[in-house]
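# Notes for the structure review
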Amino acid sequence: MTRRVLPSRPQAQNFLLLAVVLLFLLGVSELVLRKLYPEAPKPQAAAGWAIIPESSWIEYDATLGWTHQRNTSSSLKKNGQTVPVSLNSKGYRGTREYADYKKPGSFRILAAGDSFTFGFGVHDNETFPAQMEALDPSLEVLNLGVAGYGVDQIYLSAQRELSETHPDLVLISVYPEDFWRATRAFNDAGYGKPYFSLKDGALELRHVPVPRDKNFSTVQFPDLIGKSPLEKFLMNSALYRVTLKAMIRLQKMLGLEDPDSSPEWVLGRVILSHMVHDLKRAGVPAVLVIVPPQRWLTGTVEPVRDSMLRFANREGIDAVDLTPVFQKAFAEKPAAHWYITDDLHWTAAGNRLVAQTLVDYLKNKSLLKAS
């Protein structure tokens with residue numbers, strides 16, 4: 001019979017002391033993190049890019065959170081330059097006006113998206129929707145892009161305009177961060193927004209009407225997808241929440257995250273799927289335009305790109321992936337030629353490259369007459 005050897009009294013005391021110290025440190029960490037990262041953080045003071053669009057050409061919108069002012073001339077001052085910004089009578093970027101119905105012989109496109117579609121940092125006539133019109137006079141490209149929009153607001157804004165504009169095609173331009181933006185109830189500048197929750201595969205629109213003041217009763221990143229009882233319990237811990245965010249950020253930096261199971265993509269693909277199905281019911285084809293961040297072109301492309309391509313294939317829609325287009329362009333000219341220095345957005349040349357790529361796509365699909 002084997003005798004069980006018990007730890008000596010000093011060893012047992014050491015183990016107990018170590019456990020007490022660890023529990024004490026965890027308790028102190030939890031208290032400190034609860035102070036630094038409260039569960040319901042107040043909106044941060046607007047800074048950097050966040051203060052620019054909100055303070056000059058944005059206005060409150062009960063359904064979208066914020067949208068463009070109408071008949072507005074403003075300017076963007078950044079990097080020592082002043083860039084004029086014009087918004088027409090419907091709040092679209094540019095001075096061109098569009099009738100409720102397109103002109104005979106023209107092809108009308110709704111360009112839905114965020115600041116890349118809007119043309120952040122370039123002149124009205126340098127945005128890719130405006131340059132598409134310049135490349136082919138038969139085109140009407142209505143620029144619905146709004147800075148800071150996530151896939152949820154992109155969907156809702158296009159849904160609002162669809163019945164009033166009667167387009168032939170909708171471009172859904174998506175930047176990777178647009179999925180993350182859809183997981184929050186207000187942005188860092190303190191502007192509230194709508195968001196969708198997902199339960200048993202069904203979308204439910206929340207936070208509408210969006211509060212006009214910046215005093216929110218919800219956390220910035222609410223619970224959007226049903227969690228298990230254990231997950232709900234753990235989310236009460238600030239230490240767990242901060243550690244989880246740090247792990248997710250590290251996985252993204254290393255390109256190890258699985259976007260098909262991440263909350264951003266699980267929710268985002270359902271939102272995009274609803275948008276595509278709404279367009280199909282209206283008889284309007286959709287094209288997914290994948291907008292590559294500069295980091296994809298100088299480093300590793302993130303797995304979410306493949307997820308978006310798989311999504312387009314499953315939904316039976318075309319995808320225009322701009323990643324290889326810009327990879328080729330980067331091999332020919334430096335990054336500063338295509339992306340604004342110290343910024344995330346395309347230069348006039350970058351927008352021109354996108355416009356030419358999309359016009360070529362339309363002609364290859366026989367949607368436009370080949371020149």
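Anyway, here's the lowdown on the structure attached to this text.

About the cut-offs
Residues numbered from 1 in each chain as written. Predicted model: local features only at pLDDT ≥ 70, side-chain atom pairs only at ≥ 80, totals over all residues. Heavy atoms only, no water. Helix = DSSP H or I, 4+ residues; strand = E, 2+ residues; numbered from the N terminus. Buried < 20%, exposed > 50% of the residue type's maximum accessible area, 1.4 Å probe, protein only. Contact = heavy atoms within 4.5 Å. Areas by Shrake-Rupley, 256 points an atom, 1.4 Å probe, with all protein chains shown as cover. Pairing = 2+ DSSP bridges. Axes fitted to C-alpha atoms, helices over the stretch in contact; angles between N-to-C directions. Expected span 1.5 Å × (residues − 1). Parallel < 35°, antiparallel > 145°, perpendicular 65-115°, else oblique. Left-handed = near helix turned anticlockwise from the far one by under 90°. Nonpolar A, V, L, I, M, F, W, Y, C, P; charged D, E, K, R; others polar. 1 Å grid on protein atoms, 1.4 Å probe; cavity = no way out; pocket = protein on both sides within 12 Å on 5 of 7 lines; lining within 4 Å. Points joined across faces, edges and corners; volume = space filled by probe spheres on them. Phe/Tyr/Trp six-rings, centres within 6.5 Å; stacked < 30°, edge-to-face > 60°. Lys NZ or Arg CZ within 6 Å of the ring centre and 35° of its normal.

### With respect to the overall build of the protein
A tally of regular secondary structure across the protein gives 14 helices and eleven strands. Buried residues in the protein amount to 47% of all 371 residues. A separation of at least 24 residues holds for 71% of the contacts in the protein among residues at least 6 apart in sequence. Within the structure as shown, the protein displays about 19,300 Å² of accessible surface, and the carbon and sulfur contribution to it stands at 57%.

### Some points on the sheet that holds strand β10 (residues 286–290)
Ordered by their spatial adjacency, five strands build an open sheet running β6-β5-β7-β10-β11, and the pairing between neighbours is parallel. The open sheet terminates on both sides in strands that have one partner only, identified here as β6 (139–143) and β11 (318–321). Between one strand axis and the next, the sheet turns by 25° as a mean value, whatever way the strands run. Alignment of strand β5 (residues 107–112) against strand β7 (residues 169–174), held across four bridges, turns out to be parallel. By the bridge assignment, L110 is partnered in β7 with V170. Against the sheet, helix α11 (residues 304–315) engages β7, β10 and β11, with an angle of about 170° to β10.

### A short note on helix α5 (residues 151–165)
With 15 residues, α5 extends 20 Å from end C-alpha to end C-alpha; this agrees with the ideal 21 Å at 1.5 Å per step. Listing the buried residues of α5 in full gives V151, D152, Q153, I154, Y155, L156, S157, A158, E161, L162 and T165. Trailing α5 by a residue or two, H166 shows a phi angle of about 50°, which is positive.

### Observations concerning the packing of helix α9 (residues 263–281) against α11
Orientation of α9 relative to α11, taken along the N-to-C sense of each, is 30°, at an axis distance of 11 Å. Considering their axes alone, α9 and α11 lie roughly parallel with respect to each other. Where α9 crosses over α11, the handedness of that crossing is right-handed. Of the residues in α11, those touching α9 at W265, R269, L272, S273, V276, H277 and K280 are V304, S307, M308, F311, R314 and E315. Residues belonging to the contact of α9 with α11 are distributed by class as follows: six nonpolar, three polar and four charged.

### Quick word on the pairing of strand β1 (residues 58–61)
Of the pairings in the sheet, the one linking β1 to strand β2 (residues 65–68) comprises four bridges and is antiparallel in character. Directly across from Y60, in β2, lies its bridge partner W66. Connecting the antiparallel pair β1 and β2 is a turn made up of three residues.

### Considering the layout of surface pockets
When its volume is computed, the second largest pocket comes out at roughly 260 Å³. Together, 16 residues line the second largest pocket, and Q81, V83, G121, V122 and I340 are the ones closest to its centre. Contributions of two or more residues to the lining of the second largest pocket are made by β3 (72–78) and β4 (81–87).

### Let's talk about empty space enclosed by the protein
Under the definition given, this model contains one cavity of 30 Å³ or more. Of the volumes computed, that of the largest cavity is approximately 60 Å³. What lines the largest cavity is L110, Y155, A158, Q159, L162, V170, M275, D278 and L279. Elements represented by at least two residues in the lining of the largest cavity include exactly α5 and α9. When residues in the lining of the largest cavity are grouped by element, the largest group, four residues, is from α5. Among the residues making up the lining of the largest cavity, the classes are represented as seven nonpolar, one polar and one charged.

### Things to note about the packing of aromatic side chains
For the structure shown, the criterion picks out 15 aromatic pairs. Of the aromatic side chains, those joined through ring pairs into one cluster are F116, F128, Y175, F326, F330, Y339 and W346. Here the basic side chain of R93 rests over the ring of F118, its NZ or CZ set 4.7 Å away from the ring centre.

### A look at the packing of helix α4 (residues 128–135) against helix α14 (residues 348–364)
Direction vectors running N to C along α4 and α14 enclose 55°, while the axes themselves pass 8 Å from each other. If you check the angle between α4 and α14, you find them oblique. Crossing handedness for the pair α4 and α14: right-handed. Side by side, α4 and α14 meet where F128, Q131, M132 and L135 of the first sit next to A348, N351, R352, V354, A355, Q356, L358, V359 and L362 of the second. A breakdown of the residues in the contact of α4 with α14 according to their chemical character gives nine nonpolar, three polar and one charged.

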